[in-house]
Number of protein chains: 2
Amino acid sequence: MNITLSRDSQVRVMESTVANAERYFGQFCSLLAAYTRKTARLRDKADQLVKQLVDFANTESPELRATLRDFAEDLAQVQDYRQAEVERLEAKVVMPLKLYGAQIKQTRAEIKKFKRVQKNEMKQLEKLEKLRQKVPSDRQVISQAETHVQRASVDARRTTHQLEETVDNFQRQKLRDLQRFFLDFVTIEMVFHAKAVEVYSRAFQTLENYDLEGDLQDFRAKMHGAPGHCQAQSLSGANPSPCVPWPPANQDARSTARSHRKGDVESEHSVEQFPLEDLGAQEQGLRP
Amino acid sequence: MNITLSRDSQVRVMESTVANAERYFGQFCSLLAAYTRKTARLRDKADQLVKQLVDFANTESPELRATLRDFAEDLAQVQDYRQAEVERLEAKVVMPLKLYGAQIKQTRAEIKKFKRVQKNEMKQLEKLEKLRQKVPSDRQVISQAETHVQRASVDARRTTHQLEETVDNFQRQKLRDLQRFFLDFVTIEMVFHAKAVEVYSRAFQTLENYDLEGDLQDFRAKMHGAPGHCQAQSLSGANPSPCVPWPPANQDARSTARSHRKGDVESEHSVEQFPLEDLGAQEQGLRP
């Protein structure tokens, strides 16, 4: 009976291990999926900001226009990296955690099978015990029951051994996977943050180098109606609004590298078009 | 009439400038507020992950428990920095952009006042023109109208000068503020990302140093029922579940620095308790 009780507690350890993994890995999976989604939302907002910055730049004086476009380009590049972060979190962390469910199911089936075999051993033992009390002198019946017990015990030992191996493998795999998932998570985050620091440092320089005096001169000239030009047209009376304060928003759009790149970025954001690269490729920076 | 037409286009430039600033600064404000909110959501998700990691750590073998707690602590620290990012974005970018509306309103009022004065000048001019056609010889009436025109012109010139100054100041302030808002945005982001890289580098080491072999030995010992101990208890029959596979989740919670720190972090997340520091203070790292 000692062995059976010991096996009981062994099964309890196994069941707890598997149930615990199922519970926590499931939670890690849904939390990391949510984290990834929130990161994507953040990227969307920043993309909108990039768009507004480019629109606004097109209505402004040359210096600010150039500065804001450069800044918008940098901000868009951070979103490219954030997009890569989202794709990698999906591929290297969330998906593997999702697939983990299958492994748990299999181990759980093995434990169930073992419990059936264990139950049978118990049943045979009880049967033998009863016969020994009822018909202690019927050697043939008792001998037959003993054979059944023996067979059930052999079965239980074999299954115990198999189960131990399965659960041992399960535990080793679980520990290794857990380490890998979180190492990948940390690596993906680290690469993103490092790239962001790099790009924002450049953006800081761009913004700091902005010299508003040139734009103020430009604005004053516009406000004073670029006089010769405006008055000449006013006198001719042909054009009621000769001094267009700014070019229309779309006038310069085609000529900026930014608005072209932005289009690319947005199409890159669709998961289908963007093949998932290995983490090793991340040092190459942005996708082509 | 040239001067009046020139002033017309001048007012158009001013009105466009102010309307444009109102439109785009409003959009920047709401987009950056949304960006800040999404960042806070991301922080919330990561905080939940930290909590689950600590809970899970408490159910695991010593090596993994220590590793996961250290990792959770690092992840929580990144959220502390993210929280600082959120507070700073609110204080240094979103709020100033919100307050910008008042400045725009004032400039808009000045332009309106100028247009009234300008309209009066036009009216006086038209009146004079009519009188010259109707009663070209009535010197007294015409002289009086000429005086009115002169007075209105002086008014218009003075108001024009005032307006020019107001709009010039407005434009200078706008360009300076825009540069400052985005410089602050970039600085806040840069500081956060740099801190995140630092903390995640440490987390990477923690996770990579995890040695699962010790935990596997520990697990095997548990699975084989820490034999002497388990069997002794089984034989006494007093305790039906002698081998508790893991300590209860809350057993170790009090003894970990992490769970204590986490409480602090969560209370720090409330805006009220957390005074906004100057950006200069960010190099000091986390709040006490």
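**Re the overall build of chain A**
Right, so step 1: The secondary structure content of chain A amounts to six helices and zero strands.
Right, so step 2: Listed N to C, the secondary structure of chain A is α-α-α-α-α-α in terms of helices and strands.
Right, so step 3: The proportion of buried residues among the 288 residues of chain A is 50%.
Right, so step 4: Expressed as a percentage of contacts within chain A between residues at least 6 apart in sequence, the contacts between residues at least 24 apart total 84%.
Right, so step 5: About 14000 Å² of surface is accessible on chain A, with carbon and sulfur atoms providing 52% of the total.

**Comments concerning the relation of the copies chain A and chain B**
Right, so step 1: Least-squares fitting of chain A to chain B yields an RMSD of 0.2 Å, with the superposition described by an axial translation of 0.0 Å and a rotation of 180 degrees. Such a combination of rotation and displacement between the chain copies is what one expects of a two-fold axis. Residue His193 of chain A of chain A places its C-alpha closer to the rotation axis than any other residue of that unit, at 2.4 Å.
Right, so step 2: When the interface residues of chain A are mapped onto chain B, 100% of them again fall at the interface, so both copies present the same face.

**As for the environment of Leu128 of chain A**
All names here are of chain A.
Right, so step 1: Within the secondary structure layout, Leu128 lies in helix 2 (residues 62-134).
Right, so step 2: Take Leu128: its relative accessible area is 4%, and that puts it in the buried class.
Right, so step 3: Sequence separation of Leu128 and Glu63 is 65 residues, and the distance between their C-alpha atoms is 97 Å.
Right, so step 4: Discounting residues that sit within four places of it in the chain, Leu128 has contacts with Ile142, Ala145, Glu146 and Val149.

**Focus: the interface of chain A and chain B**
Often, the extent of an interface is quoted as the loss of accessible area on bringing the components together.
Right, so step 1: Counting from both sides, the interface comprises 87 residues of chain A and, opposite them, 87 residues of chain B.
Right, so step 2: Carbon and sulfur atoms supply 72% of the area that chain A and chain B bury against each other, a total of about 8100 Å² over both sides.
Right, so step 3: At the boundary of chain A and chain B, one finds six salt bridges.
Right, so step 4: Linking Glu60 of chain B and Lys174 of chain A is a salt bridge whose minimum nitrogen-to-oxygen distance equals 2.6 Å.
Right, so step 5: Across the contact surface, chain A and chain B share 15 residue pairs in polar contact (both at pLDDT 80 or more).
Right, so step 6: Elements that contribute at least two residues to the side of chain A that touches chain B include exactly helix 1 (2-57), helix 2, helix 3 (139-208), helix 4 (212-223) and helix 5 (227-236) of chain A.
Right, so step 7: By residue number, the principal contributor to the side of chain A that touches chain B is helix 1 of chain A, which donates 31 residues.
Right, so step 8: Residue composition of the side of chain A that touches chain B, grouped by class: 47 nonpolar, 22 polar and 18 charged.

**Some remarks on helix 4 of chain A**
All names here are of chain A.
Right, so step 1: An ideal rise of 1.5 Å per residue puts 16 Å on 12 residues; helix 4 measures up with 16 Å between its terminal C-alpha atoms.
Right, so step 2: Residues of helix 4 that are buried: Leu212, Asp215, Leu216, Phe219 and Met223. Taken end-on, helix 4 shows its buried residues confined to a sector of 105 degrees, consistent with a single buried face.

**Here we look at the packing of helix 3 of chain A against helix 3 (residues 139-208) of chain B**
Right, so step 1: Contact geometry for helix 3 of chain A and helix 3 of chain B: axes closest at 8 Å, N-to-C directions at 155 degrees. If you check the angle between helix 3 of chain A and helix 3 of chain B, you find them roughly antiparallel. For the element pair helix 3 of chain A and helix 3 of chain B, the recorded crossing hand is left-handed.
Right, so step 2: Class assignment for the residues of the contact of helix 3 of chain A with helix 3 of chain B results in 26 nonpolar, eight polar and four charged.

**Looking at the pattern of salt bridges**
Right, so step 1: This model, assessed by the stated rule, comprises 26 salt bridges over all chains.
Right, so step 2: Among the ionic pairs, Asp44 of chain A bridges to Arg43 of chain A, the shortest N-O distance being 2.8 Å.
Right, so step 3: Across the pair Asp74 of chain B and Arg202 of chain B runs a salt bridge whose closest N-O atoms are separated by 2.8 Å. Taken together, the positions of Asp74 of chain B in helix 2 (residues 62-134) and Arg202 of chain B in helix 3 put the pair 128 residues apart, joining distant regions of the chain.
Right, so step 4: If you follow the salt bridges from partner to partner, you end up with Arg41, Arg43 and Asp44 of chain A in one network.

**Focus: the nonpolar core**
Right, so step 1: Within the largest apolar cluster, 121 residues are counted, with the highest numbers of intra-cluster contacts made by Phe28, Phe185 and Tyr200 of chain A together with Phe28, Phe185 and Tyr200 of chain B.
Right, so step 2: Within the residue set of this core, elements represented by two or more residues are helix 1, helix 2, helix 3 and helix 4 of chain A together with helix 1 (2-57), helix 2, helix 3 and helix 4 (212-223) of chain B.
Right, so step 3: Not counting residues within four places of it along the chain, the set of residues in contact with Phe28 of chain B comprises Leu49, Gln52, Leu53 and Phe56 of chain A together with Leu97, Leu178 and Phe182 of chain B.

**What about the packing of aromatic side chains?**
Two aromatic rings are characterised by how far apart their centres lie and by the angle between their planes.
Right, so step 1: Under the definition given, this model contains 25 aromatic pairs over all chains.
Right, so step 2: Ring geometry for Phe25 of chain A versus Phe28 of chain A: centroids 6.3 Å apart, planes at 50 degrees, classification tilted. Taken as a pair, Phe25 of chain A and Phe28 of chain A lie in helix 1 at a separation of three residues, close to a single helical turn. For the pair formed by Phe25 of chain A and Phe28 of chain A, the shared burial category is buried.
Right, so step 3: The interplanar angle of 80 degrees and the centroid separation of 6.4 Å between the aromatic rings of Tyr100 of chain B and Phe181 of chain B together place this pair among those described as edge-to-face. Of this pair, Tyr100 of chain B sits in helix 2 while Phe181 of chain B sits in helix 3, placing them 81 residues apart in sequence.

**Topic: the packing of helix 3 of chain A against helix 4 of chain B**
Right, so step 1: Running from N to C, helix 3 of chain A and helix 4 of chain B point in directions that differ by 150 degrees, and their axes come no closer than 10 Å. Our pair here, helix 3 of chain A against helix 4 of chain B, has a crossing hand that is right-handed. The residues of helix 4 of chain B that touch helix 3 of chain A, namely those facing Glu164, Val167, Asp168, Gln171, Arg172, Leu175 and Arg176 of chain A, are Leu212, Glu213, Asp215, Leu216, Phe219, Arg220 and Met223 of chain B.

**Topic: the confidence of the model for chain A**
All names here are of chain A.
Right, so step 1: Across chain A, the average pLDDT comes to 79, with 76% of residues at or above 70.
Right, so step 2: Below pLDDT 50 for its whole length, residues 227-288 participates in 91 contacts with residues either more than four positions away or in separate chains.
Right, so step 3: Taken over the whole predicted complex, pTM reads 0.75, whereas the ipTM for its chain interfaces reads 0.74.

**Regarding the environment of Arg202 of chain B**
Residues and elements named next belong to chain B.
Right, so step 1: Given the relative accessible area of 40%, Arg202 is considered partly exposed.
Right, so step 2: It is 88 Å that separates the C-alpha atoms of Arg202 and Arg132, two residues lying 70 residues apart in sequence.
Right, so step 3: Residues within four places of Arg202 in sequence aside, it is in contact with Asp74 and Gln77.

What counts and what doesn't
Residues numbered from 1 in each chain as written. Chains lettered and ligands numbered in written order. Predicted model: local features only at pLDDT ≥ 70, side-chain atom pairs only at ≥ 80, totals over all residues. Heavy atoms only, no water. Helix = DSSP H or I, 4+ residues; strand = E, 2+ residues; numbered from the N terminus. Buried < 20%, exposed > 50% of the residue type's maximum accessible area, 1.4 Å probe, protein only. Contact = heavy atoms within 4.5 Å. Areas by Shrake-Rupley, 256 points an atom, 1.4 Å probe, with all protein chains shown as cover. Least-squares fit on C-alpha atoms with pLDDT ≥ 70 in both. Buried area = accessible area lost by both parts, 1.4 Å probe. Salt bridge = Lys/Arg side-chain N within 4 Å of Asp/Glu carboxyl O. Polar contact = N/O pair within 3.5 Å; in protein donor to acceptor, adjacent residues only side chain to side chain. Nonpolar A, V, L, I, M, F, W, Y, C, P; charged D, E, K, R; others polar. Expected span 1.5 Å × (residues − 1). Arc of directions from axis to C-beta. Axes fitted to C-alpha atoms, helices over the stretch in contact; angles between N-to-C directions. Parallel < 35°, antiparallel > 145°, perpendicular 65-115°, else oblique. Left-handed = near helix turned anticlockwise from the far one by under 90°. Core = buried A, V, L, I, M, F, W, Y, C linked by side-chain atoms within 4.5 Å. Phe/Tyr/Trp six-rings, centres within 6.5 Å; stacked < 30°, edge-to-face > 60°. pLDDT = per-residue confidence, 0-100.

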